[in-house]
Amino acid sequence: MSEGVKDKRKVIERLFNDKYQQLFYYAYDLTNDEEVSKDFVNEAFVSLLEKMDELKEERLDGYLFVSIRNRCFSHLKKQRREDRYRDYCLTTFTEEDEDYWETMEDRIKKMNEEIEQMPERTQFILKQCYFEDHSYKEVANMLGITSDGVKHHIMKAFQKLRMLFNVK
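Residues numbered from 1 in each chain as written. Predicted model: local features only at pLDDT ≥ 70, side-chain atom pairs only at ≥ 80, totals over all residues. Heavy atoms only, no water.

1. Things to note about the overall build of the chain
Right, so step 1: The helix and strand tally for the chain stands at seven helices and zero strands.
Right, so step 2: Reading the secondary structure of the chain in the N-to-C direction produces α-α-α-α-α-α-α.
Right, so step 3: The C-alpha atoms of the chain give a radius of gyration of 30 Å, which is well past the 15 Å a tight globule of 168 residues would have.
Right, so step 4: Summarising its shape, the C-alpha atoms of the chain cover approximately 80 × 45 × 20 Å along the three principal directions.
Right, so step 5: Residues classed as buried in the chain amount to 23% of the 168 residues present.
Right, so step 6: By sequence separation, contacts in the chain at least 24 residues apart represent 55% of the contacts at least 6 residues apart.
Right, so step 7: Carbon and sulfur atoms provide 50% of the accessible area of the chain, an area that totals close to 12800 Å².
Right, so step 8: With 29 positive and 35 negative side-chain charges, the chain shows a spacing of 5 Å between the two charge centroids. (Helix = DSSP H or I, 4+ residues; strand = E, 2+ residues; numbered from the N terminus. Rg over C-alpha atoms; globule rule 2.2 N^0.38 Å. Buried < 20%, exposed > 50% of the residue type's maximum accessible area, 1.4 Å probe, protein only. Contact = heavy atoms within 4.5 Å. Areas by Shrake-Rupley, 256 points an atom, 1.4 Å probe, with all protein chains shown as cover. Lys, Arg positive; Asp, Glu negative; His and termini not counted. Charge placed at Lys NZ, Arg CZ, Asp CG, Glu CD.)

2. Some points on unusual backbone geometry
Right, so step 1: A positive phi angle, near 60°, is found at asparagine 32, a position not held by glycine.
Right, so step 2: The topology assignment puts asparagine 32 in the loop between α1 (3-31) and α2 (34-51).
Right, so step 3: When its relative accessible area of 61% is taken as the criterion, asparagine 32 is described as exposed.
Right, so step 4: Residues other than glycine seldom take positive phi values, yet aspartate 133 does so here, at roughly 60°.
Right, so step 5: Mapped onto the secondary structure, aspartate 133 falls in the loop between α5 (120-130) and α6 (136-143).

3. A word on the nonpolar core
Soluble globular proteins tend to bury their nonpolar side chains together.
Right, so step 1: Counting residues in hydrophobic clusters, the biggest one holds 18 residues, and the most contacted among them are Leu15, Val41, Phe45, Leu48, Leu64 and Ile68.
Right, so step 2: Core analysis: the next-biggest nonpolar cluster, separate from the first, contains 11 residues, Met118, Leu126, Cys129 and Val150 among them. (Core = buried A, V, L, I, M, F, W, Y, C linked by side-chain atoms within 4.5 Å.)

4. Focus on helix α7 (residues 147-164)
Right, so step 1: Compared with an ideal rise of 1.5 Å per residue, which puts 18 residues at 26 Å, α7 spans 26 Å between its outermost C-alpha atoms and is within 8% of the ideal.
Right, so step 2: Those residues of α7 that sit buried are Val150, His153, Ile154, Ala157 and Leu161. The buried side chains of α7 occupy one side of the element, clustering within an arc of 95° when seen end-on. Pointing more than 90 degrees away from the buried face of α7 are the exposed residues Asp148 and Met163.
Right, so step 3: Asparagine 166, located one to two residues past α7, shows a positive phi value of around 55°. (Expected span 1.5 Å × (residues − 1). Arc of directions from axis to C-beta.)

This is how it looks when you write it as structure tokens:
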């Protein structure tokens, strides 16, 4: 290991031992989140290590504090955006919407139960065409049948599902 690398390592170790706790509390005061604060301090030291050659030794403390402050402010900005979005969703979606989603969940459950009652080949064809986005031709090749055969299975499956939900 070269002398320059050893010197950098010693400087980083000294700073880490001398400043870690102070930097952590600085970040914690801004974020009020222990894990995020630890991450930001560690990220700042990694960043400092990468930029050591560009910085004067007397400016390293300042670099660490500014780096942590910037990370914290970015984090807080993102958190505020997420909070505003969450609040928007909570005020936008009413109990009626909740009933709607419960109804939809019930319908999906019924539909899945009906599909489970269909022959295995029909289930496979439905899943390949509508969940895996395969074309009729691709599914026909997988099964060694014609595209019309796939279409026939799909039509019968849809007929059963329409009857289940009383759709004509």
